[in-house]
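# Chains, contacts and geometry: an overview
If you want the building blocks of each chain, they are given just below.
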Amino acid sequence: MLKTNEIYNMDCMEGLKLLDNKSVDLVIIDPPYLLNLNKVRKPTNMNSYANDLINLKDGFDLKVLDILIQKMKKINIYIYCSKRQVKSLLNYFSDKNCNHEILTWHKLNPSPLINNNYLPDTEYILFFRERGVRLYGNYHTKRKYYLSLTNKIDKQKYKHPTIKPLELIERHIINSSMEGDLVLDCFCGSGTTLVGAINQNRRYIGFEINKEYYEIAKKRIEEVLIKKGEKTEKDTI
Ligand SMILES: C[S@@+](CC[C@H](N)C(=O)[O-])C[C@H]1O[C@@H](n2cnc3c(N)ncnc32)[C@H](O)[C@@H]1O
């Protein structure tokens, strides 16, 4: 049994084994994207799921989804992904009695590396919910697109190269959960989903395999709890 309102410095494939089945209301994940098939590293340790995650053609192992489905009360999941991953994720959920949406984050100042391509200004967020799962939120939070500049300030502040906009993550949380619900992010990076859950009065569990990012997320969470008056500086020493 895992304590809620915690981030764990673990490989999520190990951590998820410790989580009760049917205990999670909402999953938000932003797994490693696969951007260039030629740059995939070969695994050095065949027992390590973390290596497996980068060794698969989809950028992360769809086995994670099999486990997440067991952990959710009903399928209710947002998955950040690259264009390459859209097809396999739609296929994966096609026989699971789900509705889906393709949401997007459009960056207003993408890098000007165009060559023979369109601008790299769009990230995809696939949302799957089992039939019967409610969508809350309002006119503003239910827009399918989110426009912003790239996250330079947060990137510098929290030192994570792929940090996502907190406001966008909070929209998913508002739209797809209620106060007190349990939100899970098993690739939590600098902890954006967990901070969003705290801001929206939800419970959370996070896994992050990288010690440095885990420490960054932990500190970020503590700062938010202090700001909210739910912790004092003394509690963190
Ligand atoms: C795309 S980043 C997430 C960024 C996050 N959404 C944010 O806003 O900061 C993916 C994260 O997953 C972590 N990760 C990769 N494999 C993992 C695994 N097997 N278990 C837990 N975390 C993992 C990486 O270290 C990385 O920080």
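Because the structure is predicted, anything quoted here is derived from the model rather than measured.

## Side note on the nonpolar core
One finds Leu-16, Leu-65, Leu-68 and Ile-77 to be the most contacted residues of the largest nonpolar core, which totals 32 residues. Looking at this core, the elements with two or more residues in it are helix H1 (12-15), strand S2 (26-29), helix H3 (63-71), strand S3 (76-81), helix H4 (83-93), strand S5 (122-130), strand S7 (182-185) and strand S8 (203-207). Judged by nonpolar contacts, the second largest core, of 25 residues, contains Phe-127, Ile-173, Cys-188 and Ala-217.

## Points about the state of the cysteines
Using the criterion set out here, one finds zero disulfides in the structure. In this structure Cys-186 is a free cysteine whose sulfur lies 4.3 Å from that of Cys-12, the closest cysteine sulfur available.

## Digging into the sheet that holds S2
Taken in spatial order, the eight strands line up as S1-S8-S7-S2-S3-S5-S4-S6 in an open sheet, and their pairing is mixed. A single partner strand is all that each edge strand has here, and the edge strands are strand S1 (6-8) and strand S6 (145-148). With direction set aside, neighbouring strand axes in the sheet form an average angle of 15°. In the sheet, S3 pairs with S5 via six bridges, with the strands oriented antiparallel. Note on S5: the bridge partner recorded for Ile-79 is Leu-126. Those strands touched by H4 are S3, strand S4 (98-107) and S5, and its axis lies near 5° from that of S5.

## Re the packing of aromatic side chains
Across all of its chains, the model carries four aromatic pairs by this definition. Aromatic pair Tyr-8 and Phe-207: ring centres 5.9 Å apart, planes at 35°, arrangement tilted. Taken as a pair, Tyr-8 in strand S1 and Phe-207 in strand S8 lie far apart in primary sequence, 199 residues in all. Tyr-8 sits in the buried class, given a relative accessible area of 17%. Residue classification places Phe-207 among the buried positions, given a relative accessible area of 0%. Here a set of aromatic residues connected by ring pairs shows up, and it is made of Tyr-92, Phe-93 and Phe-128. In this structure, Lys-96 packs its charged tip against the face of Tyr-92, placed 4.4 Å from the ring centre.

Calculation rules
- Residues numbered from 1 in each chain as written.
- Predicted model: local features only at pLDDT ≥ 70, side-chain atom pairs only at ≥ 80, totals over all residues.
- Heavy atoms only, no water.
- Core = buried A, V, L, I, M, F, W, Y, C linked by side-chain atoms within 4.5 Å.
- Buried < 20%, exposed > 50% of the residue type's maximum accessible area, 1.4 Å probe, protein only.
- Helix = DSSP H or I, 4+ residues; strand = E, 2+ residues; numbered from the N terminus.
- Disulfide = S-S within 2.5 Å.
- Pairing = 2+ DSSP bridges.
- Axes fitted to C-alpha atoms, helices over the stretch in contact; angles between N-to-C directions.
- Contact = heavy atoms within 4.5 Å.
- Phe/Tyr/Trp six-rings, centres within 6.5 Å; stacked < 30°, edge-to-face > 60°.
- Lys NZ or Arg CZ within 6 Å of the ring centre and 35° of its normal.

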